[in-house]
Amino acid sequence: AQRVTQPEKLLSVFKGAPVELKCNYSYSGSPELFWYVQYSRQRLQLLLRHISRESIKGFTADLNKGETSFHLKKPFAQEEDSAMYYCALRDTDKLIFGTGTRLQVFP
Amino acid sequence: SAVISQKPSRDICQRGTSLTIQCQVDSQVTMMFWYRQQPGQSLTLIATANQGSEATYESGFVIDKFPISRPNLTFSTLTVSNMSPEDSSIYLCSVERAGQIPVSTFGSGTRLTVV
C-alpha cells in the first residue's frame, strides 16, 4: 500500500544547528514527493518538490530510491523555520501525507 | 498560484446538525479536493470534487455523510451531515494547478467542533 512515514512527531534544535526531518515512503512505481510546511496561523503551503531539485529557504531534499527516503535537510536552522512539516507522495491524482513533524528552533 | 477562500474558518455545532463549508478559487481549476485533518493526525483525502458530476470518494467516506457540490470550475462545497463529536476536525479545500508538475494549493481550513 502507498504510505508516507514521518517517524518524528517533534524535532527540537537550537538556532544554527543542522536539521534533518525524516520521511520514508512506500510506493509501487516512480514516486513524486513533496514537502509541505505550515507556519503558525498560516495555511499549508508547498515547500519543495523532489523533481525540481530545488533549494527553498535553505532546505533541500534528495530522493533516495534505494532507501525509499526523502529526508528534508537544512545545514543551519533559523528560528523562523519553526513550523509543522509534512512529507507527501502523489498517488495518481491525490496526495498521501505523512503524519507531520513539528520543528522547534530555539534561540 | 491560485488564491483560495474557505469559509467558515471555524464553527461549533450541535450533534445531529449539518454544516456546509465553502471553497472559492480566484481562477478556474480542474481538480478540487477536500481533506480532513483529525486532531493530532495527518491530512486524509475525503473526496475529489468533479465539476458537473458526482464527487469521487475515498475509502471510508460516503456521499450521504459528506455530500459535495461543484457547480463550476471555481467553487465547491462540502457538507458534514448529521454530525457527531467524532467529526470534530479541520476540513481543508485544495486545488491543483495544472502543469507539467501539478502542485496542490490549500485553503486556510475550517476548524469544526461538534458538541
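Refer to the structure printed above.
Residues numbered from 1 in each chain as written. Chains lettered and ligands numbered in written order. Predicted model: local features only at pLDDT ≥ 70, side-chain atom pairs only at ≥ 80, totals over all residues. Heavy atoms only, no water.

Asker: Any chance you could explain the overall build of chain A here in plain terms?
Answerer: On a plain count of helices and strands, chain A comes out with zero helices and 11 strands. When the helices and strands of chain A are placed in sequence order, the string is β-β-β-β-β-β-β-β-β-β-β. Computed over the C-alpha atoms, the radius of gyration of chain A is 13 Å, within 12% of the 13 Å expected from 2.2 N^0.38 for a compact globule of 107 residues. Structurally, chain A occupies a C-alpha span of about 40 × 30 × 25 Å along its principal axes. Counting every position in chain A, which comprises 107 residues, the buried fraction comes to 43%. Here the contacts in chain A between residues at least 6 apart in sequence split such that 58% fall between residues at least 24 apart. For chain A, the accessible area works out to roughly 5,600 Å², and carbon and sulfur atoms hold 49% of it. Here chain A contributes 15 positively and 11 negatively charged side chains, and the mean placements of these two sets differ by 4 Å. (Helix = DSSP H or I, 4+ residues; strand = E, 2+ residues; numbered from the N terminus. Rg over C-alpha atoms; globule rule 2.2 N^0.38 Å. Buried < 20%, exposed > 50% of the residue type's maximum accessible area, 1.4 Å probe, protein only. Contact = heavy atoms within 4.5 Å. Areas by Shrake-Rupley, 256 points an atom, 1.4 Å probe, with all protein chains shown as cover. Lys, Arg positive; Asp, Glu negative; His and termini not counted. Charge placed at Lys NZ, Arg CZ, Asp CG, Glu CD.)

Asker: Whenever I open this one, the environment of Arg3 of chain A confuses me. Can you help?
Answerer: Residues and elements named next belong to chain A. Following the sequence through the fold, Arg3 ends up in strand E1 (residues 3-5). Using a relative accessible area of 53% as the deciding quantity, one classes Arg3 as exposed. Separated by 95 residues in the primary sequence, Arg3 and Gly98 place their C-alpha atoms 7.7 Å from one another. Not counting chain neighbours up to four residues away, the residues in contact with Arg3 comprise Asn24, Tyr25, Ser26 and Leu89.

Asker: Explanation requested: the layout of surface pockets in the structure shown.
Answerer: Left-over empty space is what a probe sized like a water molecule reveals as it rolls over the atoms. In this structure, the largest pocket spans a volume of roughly 750 Å³. Lining the largest pocket are 29 residues, and of these Gln38 and Arg102 of chain A together with Gln37, Ile90 and Arg111 of chain B sit closest to its centre. Listed by contribution, the elements that provide at least two residues to the lining of the largest pocket are strand E9 (83-91) of chain A together with strand E9 (89-97) and strand E11 (110-114) of chain B. By volume, the second largest pocket amounts to about 170 Å³. Forming the walls of the second largest pocket are Tyr36, Arg43, Leu44, Gln45 and Leu46 of chain A together with Ser1, Arg97, Val103, Ser104, Thr105 and Phe106 of chain B. Looking at the lining of the second largest pocket residue by residue, the classes come out as five nonpolar, four polar and two charged. (1 Å grid on protein atoms, 1.4 Å probe; cavity = no way out; pocket = protein on both sides within 12 Å on 5 of 7 lines; lining within 4 Å. Points joined across faces, edges and corners; volume = space filled by probe spheres on them. Nonpolar A, V, L, I, M, F, W, Y, C, P; charged D, E, K, R; others polar.)

Asker: Which parts of the structure should I look at to understand the sheet that holds strand E1 (residues 4-7) of chain B?
Answerer: What links the strands of a sheet is backbone hydrogen bonding, and the strands pair in either a parallel or an antiparallel sense. Residue and element names in this part refer to chain B. Across the sheet, which stays open at both edges, the four strands sit in the order E1-E3-E8-E7 with antiparallel pairing between neighbours. Across the chains shown, the open sheet's two edge strands, defined by having one partner strand only, are E1 and strand E7 (68-72). The sheet shows a mean angle of 15° between the axes of neighbouring strands, direction not considered. Relative to strand E8 (residues 75-80), strand E3 (residues 19-25) is paired through six bridges, and the arrangement is antiparallel. (Pairing = 2+ DSSP bridges. Axes fitted to C-alpha atoms, helices over the stretch in contact; angles between N-to-C directions.)

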